[in-house]
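Residues per chain, in single letters:
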Amino acid sequence: MDFVDELRDRATGTERTLSGALYSHPDHFQDEAERLLSREWLCLGRADEIPNVGDYFTVQAMHEPLLVTRANDGDVHVLANICRHRGSPVASGSGNAKKFVCPYHAWSYGLDGALRATPRMPKKRAQDLCGLPRHRSEIWAGFVYVNLDGEAAPMAPRLMGLSDILQNYRTEEMRCVHSAEEVWATNWKCLVENFMEASHL
Ligand code: FES
């Protein structure tokens, strides 16, 4: 069922809450993952968490392990955290590195994902094709966003109205001083709705 149908009471034309199945049925989540979450912008963290060249953190978005780096060009790069040889993650946690060396057979990659070395294998065969793929990303108000399918409309123009509301808070100048990780055993919409509720703010 379409969300719009769910949200509207056809008889009265008024709005109502979603039915329970839309929060709990795996088919609905699969549908959301394919049609919405994989196609839209997802927030990964703050750009100020990786202020210096070589800083990085790892994160997972949907089923994609990602490596977020500050590369030599000063840009934030969002890379696939999957070695192109046999699929091992090339980094974990966060820190600062000059390059990323895969723990499995020691292929190494630059901060921009370019393949640097392939011990015991002719590098020429692999180097051009086997860099870590770079995902499309944007930084908005200091937050790092990724678009996994690469097809979403640019995000900043779509948030113009929000930029006006937030401008006095200068979020792009803020610095992260504390972070905590929580795993909620719930559907993602419950989180969104909780943080939209004014009594929680
Ligand atoms: S899996 Fe990374 S070098 Fe083999």
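Residues numbered from 1 in each chain as written. Predicted model: local features only at pLDDT ≥ 70, side-chain atom pairs only at ≥ 80, totals over all residues.

1. Some remarks on the overall build of the protein chain
Inclusion rule: In this description a helix means any DSSP run of H or I spanning at least four residues, a strand means any run of E spanning at least two, and both kinds are numbered starting from the N terminus. Three classes are used. A residue is buried when 20 or more other C-beta atoms lie within 10 Å of its own, exposed when 12 or fewer do, and partly exposed in between, with C-beta atoms placed from the backbone. Contact criterion: two residues are in contact if their C-beta atoms, reconstructed from the backbone, are within 7 Å.
A count of helical and extended segments in the protein chain gives seven helices and 10 strands. Taken along the three principal axes of its C-alpha coordinates, the protein chain extends 70 × 40 × 30 Å. The proportion of buried residues among the 201 residues of the protein chain is 19%. Here the contacts in the protein chain between residues at least 6 apart in sequence split such that 45% fall between residues at least 24 apart.

2. So, unusual backbone geometry
We note that Met-62 has phi near 55 degrees; this positive angle belongs to a residue other than glycine. Within the secondary structure, Met-62 is located in the loop between strand E2 (55-61) and strand E3 (64-70). You will see that Ala-141, though not glycine, has its phi angle at about 55 degrees, which is positive. Here Ala-141 shows up in the loop between strand E9 (134-140) and strand E10 (143-147).

3. A look at the domain arrangement of the protein chain
Interface size, as often reported, equals the accessible area lost upon joining of the parts. Stated formally: What fixes the domain bounds is an automatic or database domain assignment. In this classification, the charged set is Asp, Glu, Lys and Arg, the nonpolar set is Ala, Val, Leu, Ile, Met, Phe, Trp, Tyr, Cys and Pro, and all remaining amino acids, among them Gly, are polar.
Each assigned domain of the protein chain is listed with its residue range as follows: domain 1 (1-37) and domain 2 (42-193). Its C-alpha centre places domain 1 at a distance of 31 Å from the equivalent point of domain 2. The interface of domain 1 with domain 2 comprises five residues on the first partner and five residues on the second. Residue contributions to the side of domain 1 that touches domain 2 peak at three residues, all from helix H3 (residues 26-37). Classifying every residue of the side of domain 1 that touches domain 2 by side-chain character gives four nonpolar, one polar and no charged.

4. Here we look at the pairing of strand E4 (residues 76-80)
To keep things clear, this is the line we draw: Pairs of strands are assigned from DSSP output, requiring at least two bridges between the strands.
Buried residues dominate E4, accounting for four of its five residues. Pairing between E3 and E4: five bridges, direction antiparallel. Each bridged residue has a counterpart across the sheet, and for Arg-70 the counterpart in E4 is Val-76. Taking the residues that link successive antiparallel strands as the turn, the E3-E4 hairpin has five residues, and the phi of Gly-74 there is positive, at about 85 degrees.

5. Examining the nonpolar core
Quick note on the threshold: By convention in this section, buried Ala, Val, Leu, Ile, Met, Phe, Trp, Tyr and Cys residues joined through C-beta atoms within 7 Å make up a nonpolar core.
Leu-44, Leu-66, Leu-67, Val-68 and Val-90 are the most contacted members of the largest nonpolar core, which totals 25 residues. Elements that contribute at least two residues to this core include exactly strand E1 (41-46), E2, E3, E4 and E10. Ignoring any residue separated from it by four or fewer positions in sequence, one finds Leu-67 in contact with Tyr-56, Thr-58, Leu-79, Asn-81, Val-90, Ala-91 and Leu-132.

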